[in-house]
Amino acid sequence: MNQLEEIRAQMGACDDRIIAALEERMGCIEEIIAFKRENGVPIFQPEQEARQRGDWDAKLADNAYRGEIEHIFEAMVKSSKRIQSKTLVQGNIMLIGFMGVGKSTVSTYLCEMLAMDRVEMDAEIVAKEGMSIPEIFATHGEAYFRNCESNLLIELQKKSQQVVSCGGGVVLRPENVAVMRQSGTVVLLTASPESIYDRVKDSTDRPLLNGNMNIPYIEKLMEERRPRYEAAADVVVNTDDTDIQSICEKIIAAPWKK
Ligand code: S3P
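What counts, and at which threshold
Residues numbered from 1 in each chain as written. Predicted model: local features only at pLDDT ≥ 70, side-chain atom pairs only at ≥ 80, totals over all residues. Heavy atoms only, no water. Buried < 20%, exposed > 50% of the residue type's maximum accessible area, 1.4 Å probe, protein only. Helix = DSSP H or I, 4+ residues; strand = E, 2+ residues; numbered from the N terminus. Pairing = 2+ DSSP bridges. Near = heavy atom within 4 Å. Polar contact = N/O pair within 3.5 Å; in protein donor to acceptor, adjacent residues only side chain to side chain. Areas by Shrake-Rupley, 256 points an atom, 1.4 Å probe, with all protein chains shown as cover. Nonpolar A, V, L, I, M, F, W, Y, C, P; charged D, E, K, R; others polar. Phe/Tyr/Trp six-rings, centres within 6.5 Å; stacked < 30°, edge-to-face > 60°.

Novice: Mind showing me how you'd approach the pairing of strand β5 (residues 235–238) here?
Specialist: On β5, burial follows the alternation: Val-235 and Val-237 on one face are buried, whereas Val-236 and Asn-238 on the facing-out side are not. Pairing between strand β4 (residues 184–190) and β5: four bridges, direction parallel. Pairing of Val-187 across the sheet is with Val-235, part of β5.

Novice: When you look at the site of the ligand in this model, what are you seeing that I'm missing?
Specialist: Residues in close proximity to the ligand total 14 residues, the closest being Lys-103, Asp-122, Arg-146, Arg-206 and Arg-225. Here an oxygen atom of the ligand and a side-chain polar atom of Arg-146 are 2.7 Å apart. Here the ligand loses 96% of its free accessible area of 380 Å² to cover by the protein chains. It is helix α7 (residues 142–156) that contributes the most residues to the shell around the ligand, three residues altogether. Taken together, the residues of the shell around the ligand sort by class into five nonpolar, three polar and six charged.

Novice: Looking at this structure, I do not really get the packing of aromatic side chains. What am I missing?
Specialist: Inspection of every chain in the model, using the stated rule, returns two aromatic pairs. Seen in terms of ring centroids, Trp-56 and Phe-73 are 4.5 Å apart; in terms of plane orientation they differ by 55 degrees. Their pairing is tilted. Of the two residues, Trp-56 is situated in helix α2 (residues 46–59) and Phe-73 in helix α3 (residues 66–88); the sequence distance between them amounts to 17 residues. For Trp-56, a relative accessible area of 11% corresponds to the buried category. Taking 5.1 Å as the distance between ring centres and 45 degrees as the angle between the ring planes, the aromatic pair formed by Phe-137 and Phe-145 counts as tilted. Of the two residues, Phe-137 and Phe-145, both sit in the buried class.

Novice: Please explain unusual backbone geometry as it appears in this structure.
Specialist: Most peptide bonds take the trans form, and the phi angle of most residues other than glycine is negative. The backbone phi angle of Ala-115 is positive, close to 50 degrees, even though this residue is not glycine. Within the fold, Ala-115 resides in the loop between α4 (103–114) and β2 (117–120). Classification of Ala-115 by relative accessible area gives buried; the value is 5%. Residue Asp-241 is not a glycine yet carries a positive backbone phi of 50 degrees.

Structure, rendered in structure tokens:
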């Protein structure tokens, strides 16, 4: 064997050890999940993740390949989170609620916590149609936009492990609700009309509120839609006066559809 082949063989042997070590590590993750379930410990513990990063920092302090190894460790953490998420959530997490309840913010944080894929329905429709939501409403009308939503929901049902931030009006069609409920667990986020007004008052992106940007109108529309939201939801979480981490922990602690 020439020298190059010898080095390649040595590297192949390294890969075998890495595969075996990763298998062992993932087995540990499964054991941790089983332990946490049996003992009622929260599945996701950000403080433990921070401690682990501190340990790695110390272990890699003088390592010549520190940056590269850290990069691989990041991927490893992501894989571990995916393993954990799969034991928790079988389908998708469908976030619903009125405009401004915090669906987008919650979905960003949840995806980070669970290493799931993030889908923003409004953004998907905007990208597909090549125009903004107010432009879609103005050019094609609301019914066309609602058809885009229904079609997208059916598309999304084909995949799992996604956190879907649904447009505020998807619950208006009963057939959408049926698709969402088949797609995964439906989480309703709620907030007071005052908080909602505070969060959306400067937005020009929501045609339904253009010209109606005031608390009484928001309250009226919320009340009209409330029964639809509540009927669609498996889980309800309020987002008033609560920090994002506590909101996501409440969502994660919810009973999930299997
Ligand atoms: C709508 C909510 C909006 C957007 C469209 C219509 C609604 O989404 O889909 O403006 O009918 O409530 P957000 O709830 O994400 O703002």
